[in-house]
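Close look at the chain arrangement
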Amino acid sequence: QVQLVDSGGGLVQPGGSLRLSCVASGFSFSAYSMSWYRQAPGKERELVAYITYTGGSTSYADSVKGRFTISRDNAKNTVYLQMNSLKPEDTAVYYCYRPNGDYWGQGTQVTVSS
(Lines give C-alpha, C1' and ligand atoms only; values in the text may rest on other atoms or scores of the structure.)
Protein backbone atom coordinates (compact mmCIF):
# COMPACT_ATOMS: atom_id res chain seq x y z
CA GLN A 1 0.00 0.00 0.00
CA VAL A 2 0.99 3.63 -0.38
CA GLN A 3 3.23 4.81 2.43
CA LEU A 4 4.90 8.19 3.01
CA VAL A 5 7.40 8.48 5.86
CA ASP A 6 8.43 11.98 6.91
CA SER A 7 11.58 12.76 8.86
CA GLY A 8 14.14 15.47 9.56
CA GLY A 9 12.26 17.81 11.86
CA GLY A 10 13.62 19.18 15.09
CA LEU A 11 14.39 22.24 17.16
CA VAL A 12 16.40 24.96 15.44
CA GLN A 13 17.26 28.55 16.25
CA PRO A 14 15.95 31.43 14.14
CA GLY A 15 18.07 31.78 11.02
CA GLY A 16 18.98 28.12 11.04
CA SER A 17 18.34 25.37 8.51
CA LEU A 18 16.73 21.95 8.34
CA ARG A 19 16.18 19.43 5.59
CA LEU A 20 13.04 17.33 5.66
CA SER A 21 12.78 14.03 3.83
CA CYS A 22 9.81 11.95 2.73
CA VAL A 23 10.44 8.39 1.63
CA ALA A 24 7.68 6.91 -0.49
CA SER A 25 6.77 3.29 -1.09
CA GLY A 26 3.94 1.25 -2.55
CA PHE A 27 3.60 3.15 -5.81
CA SER A 28 5.59 4.37 -8.81
CA PHE A 29 7.02 7.47 -7.17
CA SER A 30 8.46 8.95 -10.36
CA ALA A 31 4.96 9.16 -11.89
CA TYR A 32 3.47 11.46 -9.26
CA SER A 33 3.76 15.09 -8.28
CA MET A 34 4.37 15.66 -4.59
CA SER A 35 3.83 18.42 -2.05
CA TRP A 36 4.77 19.56 1.41
CA TYR A 37 2.13 21.03 3.74
CA ARG A 38 2.39 22.39 7.25
CA GLN A 39 0.03 22.98 10.12
CA ALA A 40 0.77 25.33 12.99
CA PRO A 41 -1.11 25.12 16.30
CA GLY A 42 -4.59 26.60 15.95
CA LYS A 43 -4.23 27.14 12.21
CA GLU A 44 -5.39 25.33 9.10
CA ARG A 45 -3.05 23.11 7.15
CA GLU A 46 -1.41 25.08 4.34
CA LEU A 47 0.46 24.21 1.17
CA VAL A 48 4.16 25.03 1.44
CA ALA A 49 5.69 23.67 -1.77
CA TYR A 50 4.88 21.54 -4.80
CA ILE A 51 7.00 19.65 -7.31
CA THR A 52 6.01 17.94 -10.53
CA TYR A 53 6.74 14.26 -11.13
CA THR A 54 9.89 15.01 -13.11
CA GLY A 55 11.06 17.71 -10.74
CA GLY A 56 11.07 20.13 -13.64
CA SER A 57 8.63 22.56 -12.09
CA THR A 58 8.14 23.78 -8.54
CA SER A 59 5.97 26.29 -6.73
CA TYR A 60 5.97 27.81 -3.25
CA ALA A 61 3.80 29.64 -0.78
CA ASP A 62 4.68 33.33 -0.72
CA SER A 63 5.71 33.03 2.92
CA VAL A 64 8.57 30.64 2.11
CA LYS A 65 9.71 31.79 -1.34
CA GLY A 66 13.44 32.35 -1.46
CA ARG A 67 14.00 30.41 1.77
CA PHE A 68 12.66 26.89 1.10
CA THR A 69 13.52 24.55 -1.76
CA ILE A 70 11.62 21.42 -2.70
CA SER A 71 13.44 18.71 -4.64
CA ARG A 72 13.18 15.01 -5.35
CA ASP A 73 15.34 12.01 -6.09
CA ASN A 74 13.25 9.55 -8.08
CA ALA A 75 15.96 6.90 -7.80
CA LYS A 76 15.58 7.02 -4.00
CA ASN A 77 11.78 7.51 -3.96
CA THR A 78 12.35 10.58 -1.83
CA VAL A 79 11.14 14.16 -1.81
CA TYR A 80 12.99 16.80 0.20
CA LEU A 81 12.28 20.21 1.67
CA GLN A 82 15.37 22.29 2.35
CA MET A 83 14.46 25.06 4.77
CA ASN A 84 16.86 27.96 5.27
CA SER A 85 16.63 31.23 7.20
CA LEU A 86 14.01 29.69 9.44
CA LYS A 87 11.69 31.98 11.41
CA PRO A 88 9.61 31.32 14.52
CA GLU A 89 6.49 31.51 12.34
CA ASP A 90 7.73 28.46 10.43
CA THR A 91 7.04 26.37 13.54
CA ALA A 92 4.56 23.67 12.54
CA VAL A 93 4.11 20.01 11.81
CA TYR A 94 5.23 19.39 8.23
CA TYR A 95 3.55 16.75 6.10
CA CYS A 96 4.48 15.11 2.84
CA TYR A 97 1.46 14.73 0.51
CA ARG A 98 0.62 12.97 -2.72
CA PRO A 99 -2.23 14.88 -4.34
CA ASN A 100 -3.43 12.04 -6.55
CA GLY A 101 -5.23 9.79 -4.13
CA ASP A 102 -4.96 12.08 -1.07
CA TYR A 103 -2.09 10.34 0.73
CA TRP A 104 -0.33 11.94 3.71
CA GLY A 105 2.84 11.30 5.63
CA GLN A 106 2.68 11.07 9.41
CA GLY A 107 4.23 14.50 9.86
CA THR A 108 7.43 15.79 11.40
CA GLN A 109 7.61 18.60 13.96
CA VAL A 110 9.67 21.68 13.18
CA THR A 111 10.19 24.15 16.02
CA VAL A 112 12.04 27.41 15.46
CA SER A 113 12.94 29.02 18.75
CA SER A 114 15.84 30.59 20.59
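Residues numbered from 1 in each chain as written. Predicted model: local features only at pLDDT ≥ 70, side-chain atom pairs only at ≥ 80, totals over all residues. Heavy atoms only, no water.

**What about the side chain of R98?**
What counts, and what does not: Counting from the N terminus, the helices are DSSP H or I runs at least four residues long and the strands are E runs at least two residues long. The buried label applies to any residue whose accessible area, calculated with a 1.4 Å probe on protein chains only, is under 20% of its type's maximum; exposed applies above 50%, and partly exposed to all values in between. Positive charges come from Lys and Arg, negative ones from Asp and Glu, while His and the chain ends are left out of the count. Here, a salt bridge means any side-chain nitrogen of Lys or Arg that lies within 4 Å of a carboxyl oxygen of Asp or Glu. Counting of polar contacts relies on pairs of N or O atoms within 3.5 Å, with two restrictions inside protein: one atom must be capable of donating a hydrogen and the other of accepting it, and residues adjacent in sequence are counted only when both atoms are side-chain atoms.
With respect to the element layout, R98 can be found in strand β9 (residues 92-98). An unpaired buried charge is present at R98: no salt bridge exists, and D102, the closest side chain of opposite charge, is 9.3 Å distant. A polar contact of 2.6 Å, which involves the side chain of R98, links it to the backbone oxygen of N100.

**Topic: the pairing of strand β8 (residues 78-83)**
Heads up, the condition is: Pairing between strands is defined by DSSP: at least two bridges between them are needed.
With five of six residues buried, β8 is to be regarded as a mostly interior element. For strand β3 (residues 18-25) and β8, the ladder comprises six bridges, and the chain directions are antiparallel. Bridge pairing in β8 links V23 to T78. Inspection of the sheet shows strand β7 (residues 68-73) paired to β8 by six bridges, in the antiparallel sense. Considered in β8, the bridge of R72 is made with V79. Hairpin connection, β7 to β8: the antiparallel pair is bridged by four residues, and N77 has positive phi, about 55°.

In short, the description is geometric, and any link to function would need to be established separately.
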